[in-house]
Amino acid sequence: MIKLMAHRGPGAFAKAIFELRHYRAAKNMLLRFDHPLDAGKRYLLAGGEYPAQVRVKTPLGVVEPVLYGYDDMLTLNEIFCRDDYRCPADVRTIVDFGSNIGLSALYFLTRNSDVFAYLLEPLPRNAERLRTNLRGLESRYNFTQIAVALEDGEAEFGYEETGRYGGIGLAREKTTRVPCKAANKVLKEVLERHAFIDVLKIDIEALEREIVANIPFELLRRIRNIFVELNPMFEGNPLPSTHDYRRYGGVARFSLRCLQN
């Protein structure tokens, strides 16, 4: 608990006490972790050693992602217990901008056996860990080691030791040069193969609002759900003509409205 408070900050921790999503997460930790006491110790007290495999129950059975530190435990809880990316059970096509070590991809791929995911992540170490966490699911995803941006090219990518917090143009402990691909080009290529994208998830620590606001109407009308990690520059709904918007903690959720041709 002390570790969690220190990580979140006392103000954010106090606010969280009154948010329903955290009580949902606590309940789901009991239901979805195969060993909830160990998971709770890792999450609340930063206990346990790493790397570690944590067994999680999913609609397709138990999975055992490898976590490499406390920050990965936070991510696992946010995705599998707090339901940050909760989506319909019948999803089929996923696009994941900022796949990190594959925990979000693992969540989407275990909603049903027909899901196919397009995953993009620029950092080599995260890419290696992603492949480890998605072992056995290779036929159901396409992975590209690249950063998502507004246009093709290269960019300075700032990141820190855990690999969880990094993005184009960010000031971090470390920097590297990464290849970039335009977000709209990625979406267009996917929609040339599929009638709809059921979920577009964006967690790239930078450019989220710009990328969302620049998706053209002809693509937006074929994207059913969009989940975007919020940052201080992300306020309001940049998609008022196509999608309904609501906040779920630190995530912006957009759902496609019925549109006339």
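This text follows the structure it describes.
All values reported here derive from a predicted model rather than from experimental measurement.

Enquirer: Give a description of the overall build of the protein chain that names residues and reports values.
Expert: Each helix and strand in the protein chain was counted, giving 10 helices and 15 strands. Scaling as 2.2 N^0.38, a compact globule of 261 residues should have a C-alpha radius of gyration of about 18 Å, and the protein chain matches this with 18 Å. For the protein chain, the C-alpha atoms occupy an extent of roughly 50 × 40 × 40 Å along the three principal directions. Burial status across the protein chain gives 51% buried among its 261 residues. Considering only intrachain contacts with a sequence separation of at least 6, the fraction spanning at least 24 residues in the protein chain is 59%.

Enquirer: So what's going on with the environment of Leu109? Which residues, and what values?
Expert: The topology assignment puts Leu109 in helix α6 (residues 103-109). Along the chain, Leu109 and Val91 lie 18 residues apart, while their C-alpha atoms are 9.3 Å from each other.

Enquirer: Residue-level account of the packing of aromatic side chains, with values.
Expert: Scanning the model with the defined rule gives six aromatic pairs in all. Here the aromatic rings of Tyr107 and Phe108 are separated by 5.6 Å at their centres, their planes lie at 70 degrees, and the arrangement is edge-to-face. Comparing Tyr107 with Phe108, the two get one shared label, buried. Through a chain of ring-to-ring contacts, three or more aromatic side chains come together here, namely Phe80, Tyr85, Tyr107, Phe108 and Phe227. Seen from the ring of Tyr107, Arg111 lies directly overhead, with NZ or CZ sitting 3.9 Å from the centre. The positively charged end of Arg224 is found above the aromatic ring belonging to Phe196, 3.9 Å away from the centroid.

Enquirer: Quick one: what's the story with the pairing of strand β13 (residues 223-229), residue by residue and with numbers?
Expert: The buried fraction of β13 is high, at six of seven residues. The sheet contact formed by strand β12 (residues 197-202) and β13 spans five bridges and is parallel. By the bridge assignment, Val199 is partnered in β13 with Asn225.

Enquirer: Describe the state of the cysteines, with residues and values.
Expert: The final tally for this structure, using the stated rule, is zero disulfides. Here Cys87 stays free of any disulfide, with the sulfur of Cys81 as its closest cysteine sulfur at 15 Å.

Enquirer: Go over the nonpolar core, please, and point to the residues and values.
Expert: By size, the foremost hydrophobic cluster in this structure holds 39 residues, and its most contacted members are Phe33, Leu76, Leu119, Leu134 and Tyr141. Contributing elements (two or more residues each) for this core: α3 (20-32), α4 (36-45), α5 (70-80), α6, β6 (116-120), α7 (124-133) and β7 (141-144). With sequence-adjacent residues up to four places away left out, Tyr141 is seen in contact with Leu109, Phe116, Ala117, Leu119, Leu130, Arg131 and Leu134. By size, the runner-up hydrophobic cluster in this structure holds 28 residues, among which are Leu187, Leu191, Ile202 and Ile215.

Enquirer: For the sheet that holds strand β9 (residues 153-159), give the residues involved together with the corresponding values.
Expert: The strand order across the open sheet formed by four strands is β8-β11-β9-β10, and the pairing between neighbours is mixed. The sheet is open, and its two borders are formed by β8 (147-149) and β10 (166-168), each paired with just one other strand. When strand polarity is set aside, the average angle formed by the axes of neighbouring strands in this sheet is 45 degrees. Inspection of the sheet shows β9 paired to strand β11 (residues 174-182) by seven bridges, in the antiparallel sense. Looking at β11, one finds that Glu156 is bridged to Arg177.

Enquirer: Describe the side chain of Asp72, listing the residues and the values that go with them.
Expert: Among the structural elements, Asp72 can be located in helix α5. Other than its neighbours up to four places away in sequence, Asp72 contacts Leu67, Asn100, Ile101 and Leu103.

Enquirer: A description of unusual backbone geometry should follow, citing residues and the corresponding values.
Expert: The peptide bond linking Tyr50 to Pro51 adopts the cis configuration, its omega dihedral lying at 0 degrees. Tracing the backbone shows Pro51 in the loop between α4 and β1 (52-53). Backbone geometry places Ala46, a non-glycine residue, at a positive phi of 55 degrees. Relative to the elements of secondary structure, Ala46 occurs in the loop between α4 and β1. The phi dihedral of Glu205 is positive, around 65 degrees, even though this residue is not glycine. Overall, Glu205 belongs to the partly exposed group, its relative accessible area being 26%.

Reading guide: rules and limits
- Residues numbered from 1 in each chain as written.
- Predicted model: local features only at pLDDT ≥ 70, side-chain atom pairs only at ≥ 80, totals over all residues.
- Heavy atoms only, no water.
- Helix = DSSP H or I, 4+ residues; strand = E, 2+ residues; numbered from the N terminus.
- Rg over C-alpha atoms; globule rule 2.2 N^0.38 Å.
- Buried < 20%, exposed > 50% of the residue type's maximum accessible area, 1.4 Å probe, protein only.
- Contact = heavy atoms within 4.5 Å.
- Phe/Tyr/Trp six-rings, centres within 6.5 Å; stacked < 30°, edge-to-face > 60°.
- Lys NZ or Arg CZ within 6 Å of the ring centre and 35° of its normal.
- Pairing = 2+ DSSP bridges.
- Disulfide = S-S within 2.5 Å.
- Core = buried A, V, L, I, M, F, W, Y, C linked by side-chain atoms within 4.5 Å.
- Axes fitted to C-alpha atoms, helices over the stretch in contact; angles between N-to-C directions.

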